[in-house]
Amino acid sequence: MTYVTEENLTDVVMKRWQDIDNPRLKQVMQSLIKHVHSFVRDIEPTEAEWAQAIDWLTRTGQISSEKRQEMILFSDVMGVSMLVDSINHRLPTGATPTTVEGPFHIPNSPDIANGGNMAEGAPGIPTYVVGKVRGLDGEPVPGALLDLWQTDGEGLYESQRDTSEPWMRGKFRSQGDGSYALRTVAPIGYTIPMDGPVGELVSSTNISHMRPAHIHFCVEAPGYHRVVTHLFQQGDEYIDSDVVYGVKEPLIVDFKKKSGGKTPTGETLNEPFYVVEYDFVLKKLAKAQAA
Ligand SMILES: [Fe+2]
């Protein structure tokens, strides 16, 4: 038996945690111990600081519920959610990149016909999003499912509104030529929840707690890589400081302002509206994955 010293402790612990049959768990634990010990050796916490860290983690778990996930928020603001997303969706240049799903997606959104309005009665500037779903070789992808969710023009998601009806979300399908069109309202930037331990931590820094205005999309079609992503409004004041690091350059789009008149879906509006044009480009799955 080797008795521990400050110097040999990491090696002793690593050795003990080698006794694991599951090879992946063994790999994870070896790396975790190595990095956690290295972190503690680096910062040399006082006992009071370590107790404070444990208390913060405890409260982060305790405030989490079915409706609120403070742990995910912690992962988000540390950039870890985006790192996991990037590792799992390495797509070629030209394909629409992924970004984090975030906590506001609600399944089973209503089906809305092509050109329909998913923001009926919602505050905000009317916005038409039009484009095509296509493959990397340019082929149209008909019948792709576009599942959208976003804030209304006051920066609130459905879960933040007192509503029993679907709010600011809907499912659309690409047409025979791969095209899609929909009406919504312009989203606006919003703050991450700041009333919990993560907000407390972010507040003790000079880091912005805002996300730039965006529309969430999940686009999927048989035989293609499913893409969970956002489109961000070009020129948003928070575009360079997204608190969850979700912004990728190809996802920044121009919200073209029109003073009124005929819209891309054939309506005529007597008020200003935006037009966003964006083609979703999907990567084909390898045959074995598609089967
Ligand atoms: Fe969002």
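Every value quoted in this text rests on a predicted model; they were computed, and no experiment measured them.

Parameters and conventions
Each residue is numbered by its place in its chain's sequence as written, counting from 1. Local features in this predicted model are restricted to residues of pLDDT 70 or higher, and side-chain atom pairs are both shown and tallied only at a pLDDT of 80 or more, whereas totals for entire chains, interfaces and linings draw on every residue. To qualify as a helix, a DSSP run of H or I must reach at least 4 residues; to qualify as a strand, a run of E must reach at least 2; elements of each kind are numbered from the N terminus. Think of it as a crowd count around each C-beta: if 20 or more other C-beta atoms lie within 10 Å the residue is buried, if 12 or fewer it is exposed, and in between it is partly exposed, with C-beta placed from the backbone throughout. By this rule, a helix spans an expected 1.5 Å times one less than how many residues it contains. Here, residue contact means that the backbone-derived C-beta atoms of the two residues sit within 7 Å. Note that domain bounds follow an automatic or database assignment of domains. Classification convention: Asp, Glu, Lys, Arg as charged; Ala, Val, Leu, Ile, Met, Phe, Trp, Tyr, Cys, Pro as nonpolar; all other residues, Gly among them, as polar.

Asker: How would you sum up the overall build of the protein? Please name residues and give values.
Answerer: Counting its secondary structure elements, the protein contains seven helices and 14 strands. Here the protein holds 291 residues, and 27% of them are scored as buried.

Asker: Outline helix 2 (residues 23-43), listing residues and values.
Answerer: With 21 residues, helix 2 extends 30 Å between its outermost C-alpha atoms, agreeing within 8% with the 30 Å of an ideal straight helix rising 1.5 Å per residue. Phi turns positive one or two residues past the end of helix 2, at Glu-44, with a value near 45°.

Asker: Provide a residue-level description of the environment of Asp-236, including the pertinent values.
Answerer: Inspection of the secondary structure assignment puts Asp-236 in the loop between strand 8 (227-233) and strand 9 (252-253). You can call Asp-236 buried: it has 21 C-beta atoms within 10 Å. C-alpha of Asp-236 to C-alpha of Ala-213: the two residues are 23 residues apart in sequence and 6.7 Å apart in space. If we ignore the near neighbours within four places in the chain, the residues touching Asp-236 are Gly-189, Pro-212 and Ala-213.

Asker: Summarise the domain arrangement of the protein; cite the residues concerned and give the values.
Answerer: Split into domains, the protein comes out as domain 1 (9-68) and domain 2 (80-290). Here domain 1 and domain 2 have C-alpha centroids that lie 36 Å from each other. The interface is formed by five residues belonging to domain 1 together with four residues belonging to domain 2. Considered class by class, the residues forming the side of domain 1 that touches domain 2 number two nonpolar, one polar and two charged.

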